[in-house]
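A look at the structure
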Amino acid sequence: MTIIDDQFKGVTAPGISPVRAKGGAPAYFSAWDLHAYYGESYIVQGVSFDIREGEILALLGRNGAGKTSTLRAIARASDPQLTHGEIWLDHQPIHEMPNYLAAQNGIQLVQEDRRIIQGLTVEENLQLAQISGPHGWSIERIYDHFPRLAERAKQEAVTMSGGEQQMLALARALARDVKLLLLDEPYEGLAPVIVQEIERILVNVKELGITTIIVEQNAVAALHLADRAVILDMGEVVFDGTAQEVLDNEELRQTYLAI
Ligand SMILES: Nc1ncnc2c1ncn2[C@@H]1O[C@H](COP(=O)(O)OP(=O)(O)O)[C@@H](O)[C@H]1O
Ligand SMILES: [Mg+2]
């Protein structure tokens, strides 16, 4: 069924994907049969998974498996182009929305390169995130949770360390009304001690009940944080289960994660 096609618009009841309509309550987040292309390159090849509210899902797989592409497809980035499938978040049909509407409906993607705005201070970066609604955390609340950012409020953000920039990228997502946080390699390029600091912040995010997808090459760290795991290989889901199952299954880890 191609829901992107106009013929299906309005066919499904709001908030109930056809899969779910067959029985059971709709999941808080549901990606169903996603297919996405970069030009002619067919990369995301029928990816489906659900996430419960407040759950953390580790999206894992080798380099080039399609993790970033899947996150970008969910956030409705223009690249890769989603050609088929459904994305539902809190009863909203995200697959029908352009990127900015997906963001307004609570999808916040923290990209690998962090996208800190050059020439702006830390505080200005945060203010920019709140230039249009709906808002999430106040800047005051952000500074309570990220004292390092409070100390550096007036500093030009790109002059901060990698770890501090990662904190800002995360804080900027929280400044929006986030319902699904998408983290692409939040630990990448950071020293172990900084990774631990970001990990503590993410444990905090977890305790606050923010539904999250974390993509990480450091699979063990991601699995310790996550409740569930989905493993991708060549653009397809090859495993969907609990994080503990992956930690316990050496063969699975060796085959798909090389750990
Ligand atoms: N902008 C792009 N144009 C064409 N192909 C791309 C682009 N970005 C990624 N790819 C290809 O898509 C595949 C999946 O990439 P990606 O989603 O970045 O994998 P991962 O994040 O799991 O390492 C790779 O084969 C990669 O070469
Ligand atoms: Mg990637």
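Residues numbered from 1 in each chain as written. Chains lettered and ligands numbered in written order. Predicted model: local features only at pLDDT ≥ 70, side-chain atom pairs only at ≥ 80, totals over all residues.

**Regarding the packing of helix 4 (residues 122-129) against helix 7 (residues 162-175)**
- Orientation of helix 4 relative to helix 7, taken along the N-to-C sense of each, is 30°, at an axis distance of 8 Å. Considering how the two elements wind past one another, helix 4 and helix 7 form a crossing that is right-handed. Two secondary-structure elements touch here, helix 4 through Val122, Asn125, Leu126 and Ala129 and helix 7 through Leu168, Ala171, Arg172 and Ala175.
- A per-class count over the contact of helix 4 with helix 7 returns six nonpolar, one polar and one charged. (Axes fitted to C-alpha atoms, helices over the stretch in contact; angles between N-to-C directions. Helix = DSSP H or I, 4+ residues; strand = E, 2+ residues; numbered from the N terminus. Left-handed = near helix turned anticlockwise from the far one by under 90°. Contact = placed C-beta atoms within 7 Å. Nonpolar A, V, L, I, M, F, W, Y, C, P; charged D, E, K, R; others polar.)

**A short note on the pairing of strand 4 (residues 81-89)**
- Pairing of strand 1 (residues 29-38) with strand 4 involves seven bridges; the strand directions are antiparallel. If you follow phenylalanine 29 over to strand 4, its bridge partner there is leucine 89.
- Inspection of the sheet shows strand 4 paired to strand 5 (residues 92-93) by two bridges, in the antiparallel sense. Bridge pairing in strand 5 links leucine 89 to glutamine 92.
- Counting the residues in the hairpin turn of strand 4 and strand 5 gives two residues, including aspartate 90, whose phi is positive at 50°. (Pairing = 2+ DSSP bridges.)

**A look at the confidence of the model for the protein chain**
- On average, residues of the protein chain score 90 in pLDDT, and 90% of them reach the 70 mark or higher.
- With pLDDT under 50 throughout, residues 1-22 is counted as low confidence; its partners more than four residues away or in other chains account for 30 contacts. (pLDDT = per-residue confidence, 0-100.)

**Notes on the site of ligand 1**
- In the neighbourhood of ligand 1, the contacting residues comprise Tyr38, Ser41, Ile43, Gly61, Asn63, Gly64, Ala65, Gly66, Lys67, Thr68, Ser69 and Asp79.
- Counting residues per element, the shell around ligand 1 draws most heavily on helix 2 (residues 67-74), which supplies three residues.
- For the shell around ligand 1, the residue count by class is three nonpolar, seven polar and two charged. (Near = placed C-beta within 6 Å.)

**Brief notes about unusual backbone geometry**
- The residue after aspartate 79, namely proline 80, is reached through a cis peptide bond having omega -5°.
- Summarising the element assignment, proline 80 is placed in the loop between helix 2 and strand 4.
- One non-glycine residue, histidine 91, adopts positive backbone phi at about 70°.
- Locating histidine 91 in the fold gives a position in the loop between strand 4 and strand 5.
- Classification of histidine 91 as partly exposed rests on a count of 13 C-beta atoms within 10 Å.
- In this structure, arginine 115 is a non-glycine residue whose phi angle is positive, near 50°.
- Here arginine 115 lies in the loop between strand 6 (107-110) and helix 4.
- In this structure arginine 115 comes out as partly exposed when scored by C-beta crowding, with 13 C-beta atoms within 10 Å. (Buried ≥ 20, exposed ≤ 12 C-beta atoms within 10 Å, placed from the backbone.)

**Focus: the nonpolar core**
- Grouped together as the largest cluster of nonpolar side chains are 70 residues, with contacts concentrated most on Ala58, Ala171, Leu182, Ile214, Ala226 and Ala229.
- With eight residues, helix 7 is the largest single contributor of residues to this core.
- Contact partners of alanine 171, with chain neighbours within four places excluded, come to Leu126, Ile142, Phe146 and Leu149. (Core = buried A, V, L, I, M, F, W, Y, C linked by C-beta atoms within 7 Å.)

**As for the environment of isoleucine 210**
- For isoleucine 210, the location among the structural elements is in the loop between helix 8 (192-207) and strand 8 (211-215).
- With 20 C-beta atoms packed within 10 Å, isoleucine 210 lands in the buried category.
- Between the alpha carbons of isoleucine 210 and glutamate 53 there is a distance of 7.6 Å; along the sequence they are 157 residues apart.
- With near-sequence residues (within four places) excluded, isoleucine 210 lies in contact with Val178, Leu181 and Val205.

**Section: the sheet that holds strand 1**
- With antiparallel pairing, four strands are arranged side by side in an open sheet as 2-1-4-5. Each having just a single partner strand, strand 2 (41-51) and strand 5 make up the two edges of the open sheet.
- Two strands pair when backbone bridges link them, and strand 1 and strand 2 are joined in this way by eight bridges, in the antiparallel orientation. When the sheet's bridge partners are listed, histidine 35 is paired in strand 2 with glutamine 45.

**Concerning the environment of alanine 173**
- The residue alanine 173 is located in helix 7 in this model.
- Along the backbone, alanine 173 and isoleucine 107 are 66 residues apart, and their C-alpha atoms lie at a distance of 9.0 Å.
- With near-sequence residues (within four places) excluded, alanine 173 lies in contact with Gln108, Val110, Val178 and Leu181.

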